[in-house]
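# Structural overview
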Amino acid sequence: MSRLDDLKIKIFADGANLDKIRVLAKNPMVKGFTTNPTLMKKDGVTDYEDFAREIIAAVPDFPVSLEVFADDFDEMIAQGRAIASWGSNVNVKVPVMNTKGEFAGKVIEVLSSEGAVLNVTAIMTVEQVEKIAAVLNPNASAIISVFAGRIADTGVDPLQVMEDCKAALKGHPKAELLWASPRELLNVFHADQVGCQIITVTDDLLKKLALVDKDLDLYSRETVQMFYNDAASSSFSIQTA
Ligand code: E4P
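Residues numbered from 1 in each chain as written. Predicted model: local features only at pLDDT ≥ 70, side-chain atom pairs only at ≥ 80, totals over all residues. Heavy atoms only, no water.

### Focus on the state of the cysteines
Selection rule: Cysteine sulfur atoms are paired as a disulfide whenever they come within 2.5 Å of each other. To sort residues, take the accessible area from a 1.4 Å probe on protein chains only and compare it with the maximum for the residue type: under 20% means buried, over 50% means exposed, and anything in between is partly exposed.
Counting across every chain of the model gives 0 disulfides. Cys165 carries a free sulfur, and the closest cysteine sulfur to it, the one in Cys196, is 8.4 Å from it. Given the relative accessible area of 4%, Cys196 is considered buried.

In structure tokens, the structure reads:
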């Protein structure tokens, strides 16, 4: 029995590498996929729609979050409608605001009332979640992505923030709270504890799932062995008396 068996949270893989996505789809721990324009740029994607359609076709049985990238609310709505039409497994990612800092409430209200499954993204405050809850169709399935890792990067403990975000979504039983941008494997357990339904995990963190339940004495010894091997293979020496 592993501690992983007790987890209720769903793990979504975050990335923009099609080969990796195909492999990850065979991992029983992975229940969905998310990406964003920055990850796509890093992976050399040049044609957004072609790439997006390829992911949707590669993993038709998994939810796939694809983000609108316009800055004007009407254009965001138009992009959201187009993205939603690409497949029944699509979640339309909508940034919580535009680059002017204006709340994307209109986009969230219109698209969720039309039946699109939204993934509202780049959220970092409870106040933002409260504003989303006020405009989101209460009968719509949706994902609310709070960037807990980025919150932690500022020196703020995200656990309390996530608990408050969870409470702010009370009137939206079909809205799932997503712990985005985890920084360490332990965050999977944090997110589960708080009651987040989903966590996005990059390939690097996913590999660390294999360390859950590892014996720490053994891990300590392996670490010492690593130092020893690396010193030996580098032919390090110290002049001793
Ligand atoms: C989630 O949907 C985001 O793509 C992701 O978690 C962002 O992570 P970052 O803060 O490491 O960029």
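Continuing now.
### Digging into the site of the ligand
Counted only if it meets this: If a single non-hydrogen atom of a residue is within 4 Å of a molecule or strand, that residue counts as near it. Any pair of nitrogen or oxygen atoms within 3.5 Å is treated as a polar contact; in protein, a donor-acceptor pairing is required on top of that, and neighbouring residues in sequence qualify only through side-chain atoms on both sides. Note on areas: these come from Shrake-Rupley sampling with a 1.4 Å probe, and a residue is covered only by the protein chains present in the view. We call Asp, Glu, Lys and Arg charged. Ala, Val, Leu, Ile, Met, Phe, Trp, Tyr, Cys and Pro are nonpolar, and the rest, Gly among them, are polar.
As a matter of local geometry, the ligand sits amid Asp14, Asn36, Lys93, Phe147, Arg150, Ala180, Ser181, Arg183 and Thr200. Here an oxygen atom of the ligand and a side-chain polar atom of Asn36 are 2.7 Å apart. Measuring from an oxygen atom of the ligand, one finds a side-chain N or O atom of Arg150 at 2.6 Å. For the ligand, whose accessible area on its own is 340 Å², the fraction buried by protein is 83%. Residue composition of the shell around the ligand, by class: 2 nonpolar, 3 polar and 4 charged.

### Some remarks on the packing of aromatic side chains
Cut-off, in case you're wondering: When two rings of Phe, Tyr or Trp (its six-membered ring) have centres within 6.5 Å they constitute a pair, described as stacked for plane angles under 30 degrees, edge-to-face for angles over 60, and tilted for the intermediate range. To qualify as a helix, a DSSP run of H or I must reach at least 4 residues; to qualify as a strand, a run of E must reach at least 2; elements of each kind are numbered from the N terminus. Counted as over-ring charges are cases with an Arg CZ or a Lys NZ within 6 Å of the ring centre that also lie within 35 degrees of the ring normal.
Going through the model one piece at a time under the given rule, you end up with 3 aromatic pairs. Between the aromatic rings of Tyr48 and Trp86, the centroid separation amounts to 6.4 Å while the plane-to-plane angle is 50°, which identifies the pairing as tilted. Of this pair, Tyr48 sits in helix α3 (residues 48–58) while Trp86 sits in the loop between α4 (73–84) and β4 (90–95), and the two are 38 residues apart along the sequence. We classify Trp86 as buried; its relative accessible area is 14%. Among the aromatic residues, those joined into a ring-pair cluster are Tyr48, Phe69 and Trp86. The aromatic ring of Phe189 is capped on one face by Arg3, whose charged end is 4.1 Å from the ring centroid.

### A few points about helix α5 (residues 105–113)
The cut-off we apply is this: The directions considered for the arc are those from the helix axis to the C-beta atoms. The contact definition used throughout considers only heavy atoms, calling two residues in contact when any of these lie within 4.5 Å.
When α5 is considered as a whole, its buried residues turn out to be Gly105, Val107, Ile108, Leu111 and Ser112. Taken around the axis of α5, the buried residues stretch over an arc of 160°, which confines them to a single face. Looking at the buried positions of α5, the neighbouring elements they touch are α4, β4, β5 (118–123) and α6 (126–135).

### With respect to a negative patch on the surface
Let me state the cut-off plainly: For patch building, the residue pool is restricted to those with more than 30% relative accessible area and no salt bridge; the joining distance is 9 Å between like charges and 5 Å between nonpolar side chains (Val, Leu, Ile, Met, Phe, Trp, Tyr). Salt bridges, as used here, are contacts in which a Lys or Arg side-chain nitrogen is within 4 Å of a carboxyl oxygen on Asp or Glu. Counting rule for charge: Lys and Arg are taken as positive, Asp and Glu as negative, and neither His nor the chain ends is counted. Throughout, a charge is located at the NZ atom of Lys, the CZ atom of Arg, the CG atom of Asp or the CD atom of Glu.
Together, Glu127, Glu130, Glu163 and Asp164 make up a negatively charged patch on the protein surface. Relative to the assigned elements, Glu127 resides in helix α6.

### Structural notes on the pattern of salt bridges
Pairing between side chains of opposite charge can happen when the charged atoms of each approach one another. Applying the stated criterion across every chain, the model contains 10 salt bridges. Note that Lys93 and Glu67 form a salt bridge whose closest N and O atoms lie 3.9 Å from each other. Taken together, the residues Lys93 in strand β4 and Glu67 in strand β3 (residues 64–67) connect sequence positions 26 residues apart. On the accessibility criterion, Lys93 (5% relative accessible area) is buried.

### Here we look at the packing of α4 against α5
Note the following rule: All axes are obtained by fitting lines to C-alpha atoms, using only the stretch in contact for helices, and the reported angles, taken between N-to-C directions, cover 0 to 180 degrees. Geometric relationships in this document are graded by angle, where less than 35 degrees denotes roughly parallel, more than 145 denotes roughly antiparallel, 65 to 115 denotes roughly perpendicular, and other angles denote oblique. Note on convention: the crossing is left-handed when the near helix lies turned anticlockwise from the far helix by less than a right angle, right-handed when the turn is clockwise.
The contact between α4 and α5 brings their axes to 9 Å, and the two run at 30°. Comparing the axis directions of α4 and α5 gives the class roughly parallel. In this structure, α4 meets α5 at a crossing whose hand is right-handed. Two secondary-structure elements touch here, α4 through Phe73, Asp74, Met76, Ile77, Gly80 and Arg81 and α5 through Lys106, Val107, Val110 and Leu111. Partitioning the contact of α4 with α5 into residue classes produces 6 nonpolar, 1 polar and 3 charged.

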